[in-house]
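Structure at a glance
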Amino acid sequence: MNRKQPSFFDGEHSHHHGEPMTTSILFLAHVDELGKTLPKPAFEALGAAVDLAQQCGAILTIGLIGGEIQHAADSLASAGAAKILAVAGPDFALPRFASDALAAEGICRAANPELILAPSTSRFLRALPVLAHRLQGRVDTHVSSLRLENGALTATRWFYRQRLEGVFHRQERPWLVMLDSGCHEPWCGTPAKAIVEEIPVTLPPAAKRTTITGTRSPKSDAQTIRPDAALLFVAGAGWTKKQSDGKPHPQEAEKLILEFLRLSTASLGGSKSLVDQSGENQAVLGFMTHLNQVGQTGATPRHPKGLSTCCHGEEPHVVGWRFINERRAINLDPNCGWARGKADVLYVADAFEVMAKVNLLLAELTKTEEKIVAASD
Amino acid sequence: MATGYHIVVCGGIVPDPLQTLEPIETPAGPGLKNEMLLPAVLDPWSGHALYEAANLAAHSPGSKVWLVSLGAKAKLQQVMMTIAQKVSFELIAIDGPGSGFTDAHAAAELLAAAIQSIADLDRTRLLLFGGWESASRGAGVTLQLIGARLGIQDQFLGVDQLTSQPDGSFEILERIEGGRHQVSLCQGPPALLGWATGNLPEPRNNPQVGMANMRTVMPALQRAKTSTLAQSALRYQTVRPPQQQRHTRVVKDLTAEGVAQEIVEWIATD
């Protein structure tokens, strides 16, 4: 490589010449669906914003969007923000691109920050990237950490579906950084009466072409996706394949998995091969949809623990499990990709048998806990 | 009055998901080792967007589908050999860097300019499709930045379903937290839809569709202008694969009861 060429790599300990000092930070958030408080990822992003403002000696401003924001503002009153700005009203209660983008733009123009921190919620991932274009700034999403090094701000995020991790910085400002959930301790503080400066934003008719009519859950017997669950249970295509008696048992598999989810309150993930089977006229698990899919073309959820069952393959599943801390797997194949440094424990066993026993034990535990609660009452 | 939709699908090409990726330093920034030799595929979510676009066009007479793709010409040609057999579209090729390490803002500028240069595109009937994020940069912002440049006021992300209503409006299902969908009613085009997986299976290869597409794909590739991305102040400090290798305990000789007991104890531990 010609070393005289300008390099896009800085090297880990180099000084970032020309990097603007960060003197003003705007934390931007929206209230949750109930309009009472902020979603959990917002408290995590606020935690990062408060830490960074202290490190930089920067002025922190809070910006809120929602139908009613006073309650949420009160919950952030002790965060140390110089002021709390808000765009509120019925037009801004529901997540809609045009109104959310205009509201965020109004707050940003009033605050005039160099750095904007926001949580990577579905509402903001839809609406905020355009904000960077309107403010002639830059946006980076799914950032997992922000650090101040040698006076310069560096961000870390994953590339190529969690297969490469990059650390980078930008000179352009304003810089809109959207933080992934689960990457920073949530901010918590004592609620107090907050003084909120409302920014007037009037929506033009063009911003009201879309109306939100509600939410819909996938057709299934139970809600199987639980982002806050302590455990992710991943089902692979093996659940629908022929078992030791030469026949597939999808109904038994459905029953076992749903019972386990009910007893353990785990969240359900599925491999692509299992999810795709519905389009291939094979035996399927009725409650499994593309929303459950983890891996290359699915989600990479963050949970403290993960238990995979009947999953084969390596890289796609590894990608789906990148952010699972403790991983265990049940598989009949001891040479499965999981055995090669991906899981902490690999049980070489029949998942049907094991999960039936697990359900029995969990049911007994639940009964015992119920008895203890009843006795203490 | 013209009917149907003008659907523009933005879709990049990415290394096959099963390939091992190794980052290297190049004069133009971080890159992938042997990038030009790695087998490539159409970005999976863009693929879903393309199949949904073709399906919508097939059910809406007077519609047309364009596929706008930024990438190395040789790789585009390789991927088109497969994709062109799936569904009908007209290719708008841009010969330029399609790496995941390039700046989304610069890529959006090139793609928006290419869309604006489509001669017979009716912007009042425009539906801008793409994946809700890519399997390379994975930022999920390029499509919205293109939409901003094209002045599209109605944008949707994580779309799994679009249903045309008799009055010309759409019902759109977008993924939101907790495995649910947000349901929206949009008055009609122009609109931007960043697709998740949608509901359609991958179409089977159809040689007749392939032959018809190739009449326009090859000239489009020959016409593709070599483009460079606008200067960006994005600088990388490091790019590296995760090093974590777990020491796996393989348990072979435990009964189902024993395994179940271990798992329940593990679940119960904080």
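Residues numbered from 1 in each chain as written. Chains lettered and ligands numbered in written order. Predicted model: local features only at pLDDT ≥ 70, side-chain atom pairs only at ≥ 80, totals over all residues.

Below, the discussion takes up the overall build of chain A. Scanning chain A from N- to C-terminus turns up nine helices and 15 strands. For chain A, the residues scored as buried account for 51% of the 377 residues in total. Residue pairs in contact within chain A that sit at least 24 positions apart in sequence constitute 69% of those at least 6 positions apart. (Helix = DSSP H or I, 4+ residues; strand = E, 2+ residues; numbered from the N terminus. Buried ≥ 20, exposed ≤ 12 C-beta atoms within 10 Å, placed from the backbone. Contact = placed C-beta atoms within 7 Å.)

Bringing the sheet that holds strand 7 (residues 90–95) of chain B into the picture now. In spatial order, the strands read 10(A)-11(B)-10(B)-9(B)-12(B)-8(B)-1(B)-6(B)-7(B); together these nine strands make up an open sheet with mixed pairing. A strand with exactly one partner marks an edge of an open sheet, and here the two such strands are strand 10 (210–216) of chain A together with strand 7 of chain B. The mean inter-strand angle of the sheet, taken between neighbouring strand axes irrespective of direction, is 30°. Relative to strand 12 (residues 191–195) of chain B, strand 9 (residues 155–164) of chain B is paired through four bridges, and the arrangement is parallel. Counted as the bridge partner of B:F156 is B:L193 from strand 12 of chain B. (Pairing = 2+ DSSP bridges. Axes fitted to C-alpha atoms, helices over the stretch in contact; angles between N-to-C directions.)

Take the confidence of the model for chain B next. Here chain B averages 94 in pLDDT, while 99% of its residues score no lower than 70. Listed scores for the predicted complex are pTM 0.88 and ipTM 0.93. (pLDDT = per-residue confidence, 0-100.)

Before going further, it helps to spend a moment on helix 3 (residues 97–111) of chain A. The end-to-end C-alpha separation of helix 3 of chain A is 21 Å, in line with the 21 Å expected for 15 residues at 1.5 Å each. A:N112 occupies a position one or two residues after helix 3 of chain A and carries a positive phi of about 50°. (Expected span 1.5 Å × (residues − 1).)

The next subject is the sheet that holds strand 12 (residues 267–270) of chain A. Pairing in this open sheet of six strands is parallel, and the strands run 12(A)-11(A)-13(A)-14(A)-15(A)-14(B) from one edge to the other. Looking at strand neighbours, the two that pair on one side only are strand 12 of chain A together with strand 14 (249–251) of chain B, the edges of this open sheet. If you compare each strand with its neighbour and ignore which way they point, the axes differ by 20° on average. Pairing of strand 15 (residues 345–348) of chain A with strand 14 of chain B, which is carried by three bridges, proceeds in the parallel orientation. Pairing of A:Y347 across the sheet is with B:V251, part of strand 14 of chain B. The strands touched by helix 6 (residues 256–268) of chain B are strand 11 (231–235), strand 13 (303–309), strand 14 (324–331) and strand 15 of chain A together with strand 14 of chain B; relative to strand 14 of chain A, the strand with the most contacts, the crossing angle is about 165°.

As a further point, take the domain arrangement of chain A. All names here are of chain A. For chain A, the assigned domains read domain 1 (24–208) and domain 2 (231–376). For domain 1 versus domain 2, the separation of C-alpha centres amounts to 36 Å. Listed per partner, the contact involves five residues of domain 1 and six residues of domain 2. Here the residues of the side of domain 1 that touches domain 2 are counted per class, giving no nonpolar, three polar and two charged. (Domains from an automatic or database assignment. Nonpolar A, V, L, I, M, F, W, Y, C, P; charged D, E, K, R; others polar.)

With that out of the way, let us pick up the interface of chain B and chain A. Listed per partner, the contact involves 72 residues of chain B and 83 residues of chain A. Of the residues forming the side of chain B that touches chain A, the biggest block, nine residues, is contributed by helix 6 of chain B. The residue makeup of the side of chain B that touches chain A, split by class, is 37 nonpolar, 23 polar and 12 charged. Two strands pair when backbone bridges link them, and strand 10 of chain A and strand 11 (residues 180–186) of chain B are joined in this way by six bridges, in the antiparallel orientation. Each bridged residue has a counterpart across the sheet, and for A:T211 the counterpart in strand 11 of chain B is B:L185.

Now for the packing of helix 3 (residues 104–116) of chain B against helix 4 (residues 142–150) of chain B. All names here are of chain B. In the contact formed by helix 3 and helix 4, the axes pass within 8 Å of each other and the chain directions differ by 50°. By the angle between their axes, helix 3 is oblique relative to helix 4. The handedness of the crossing between helix 3 and helix 4 comes out as right-handed. Of the residues in helix 4, those in contact with A104, H105, A107, A108, L111, A112 and I115 of helix 3 are T142, L145, I146, R149 and L150. Taken together, the residues that form the contact of helix 3 with helix 4 break down as nine nonpolar, two polar and one charged. (Parallel < 35°, antiparallel > 145°, perpendicular 65-115°, else oblique. Left-handed = near helix turned anticlockwise from the far one by under 90°.)

A separate point is the pairing of strand 11 of chain B. All names here are of chain B. Inspection of the sheet shows strand 10 (residues 170–176) paired to strand 11 by seven bridges, in the antiparallel sense. Of the residues in strand 11, the one forming a bridge with R175 is H181. With antiparallel pairing between neighbouring strands as the criterion, strand 10 and strand 11 make up a hairpin whose turn holds three residues, including G178 at a positive phi of roughly 80°.

Residue and element names in this part refer to chain B. Taken together, the four bridges between strand 3 (residues 23–26) and strand 4 (residues 29–32) define a ladder with antiparallel strand orientation. The residue bridging P23 from the neighbouring strand is L32, located in strand 4. Hairpin connection of strand 3 to strand 4: two residues between the antiparallel strands.

Ranked by size, the top nonpolar core spans 146 residues in total, and within it A:F27, A:A49, A:L117, A:V177, B:V9 and B:L111 carry the most contacts. In contact with B:V9, not counting residues within four places along its chain, are B:S46, B:A49, B:L50, B:A53, B:V65, B:W66, B:L67, B:V68, B:F129 and B:G130. One finds A:V234, A:V275, A:A349 and A:V358 within the second-largest nonpolar core, a separate group that totals 45 residues. (Core = buried A, V, L, I, M, F, W, Y, C linked by C-beta atoms within 7 Å.)

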